[in-house]
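Analysis of the macromolecular model
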Amino acid sequence: FVGFTASPGVINEAAKTIAVTLPTGTNVTTLIAAFTTTGTVAKVGAAVQTSTATINNFTAPVLYTVTAADGSTATYTVTVTVNTPSPLRNVTRGLKYDGQYSMDEESN
């Protein structure tokens, strides 16, 4: 997806699925896919998709239909998952150092 080059999709060609995991807090309602295809056209529903340009809502899996030069089609299900925050993200708030580290029981 545009802006997320460190989050490539995992393609399962046999199952025709593509899974992408994006960072915590990502708004999946206006994502722009960056893709290559050997097909002549890729569509979501009736909407032609242009790599790095077309916006789609990925709150649910999105079906991309790719049409080959011979007119045959293949449909890929693209699923986006957003990482959940780690429960340890605020652990350093409660740490104090008095010659050794200990948890400050008043901090949550």
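Data block above holds the structure.
Note that the structure is a prediction, hence the values are computed from the model and not measured. (Residues numbered from 1 in each chain as written. Predicted model: local features only at pLDDT ≥ 70, side-chain atom pairs only at ≥ 80, totals over all residues. Heavy atoms only, no water.)

We now examine the environment of Thr-37. With respect to the helices, strands and loops of the structure, Thr-37 is situated in the loop between β3 (31-32) and β4 (41-44). Considered as a pair, Thr-37 and Thr-67 are 30 residues apart in the sequence and their alpha carbons are 9.6 Å apart. (Helix = DSSP H or I, 4+ residues; strand = E, 2+ residues; numbered from the N terminus.)

Taken together, the six strands give an open sheet; going across it, the order is β1-β2-β8-β7-β4-β5, and neighbouring strands pair in mixed fashion. Strand pairing shows two members of the sheet lacking a second neighbour, β1 (10-12) and β5 (47-48), which therefore form its edges. Of the strand pairs in this sheet, β4 and strand β7 (residues 62-67) are connected by three bridges, and their pairing is antiparallel. Within β7, the residue paired with Lys-43 across the bridge is Thr-65. (Pairing = 2+ DSSP bridges.)

Side chains that differ in sign of charge can pair as their charged atoms come close. Within the structure shown, the criterion is met by one salt bridge. Between Glu-13 and Lys-16 there is a salt bridge, with its nearest N and O atoms 2.8 Å apart. Since its relative accessible area comes to 43%, Glu-13 is described here as partly exposed. Its relative accessible area of 26% is what places Lys-16 among the partly exposed residues. (Salt bridge = Lys/Arg side-chain N within 4 Å of Asp/Glu carboxyl O. Buried < 20%, exposed > 50% of the residue type's maximum accessible area, 1.4 Å probe, protein only.)

Here the focus is the environment of Ala-42. Within the fold, Ala-42 resides in strand β4. A sequence separation of 33 residues divides Ala-42 from Thr-75, and the C-alpha atoms of the two residues are 9.3 Å apart. Setting aside residues up to four positions removed in sequence, Ala-42 forms contacts with Phe-35, Ala-47, Val-48, Gln-49, Thr-65 and Val-66. (Contact = heavy atoms within 4.5 Å.)

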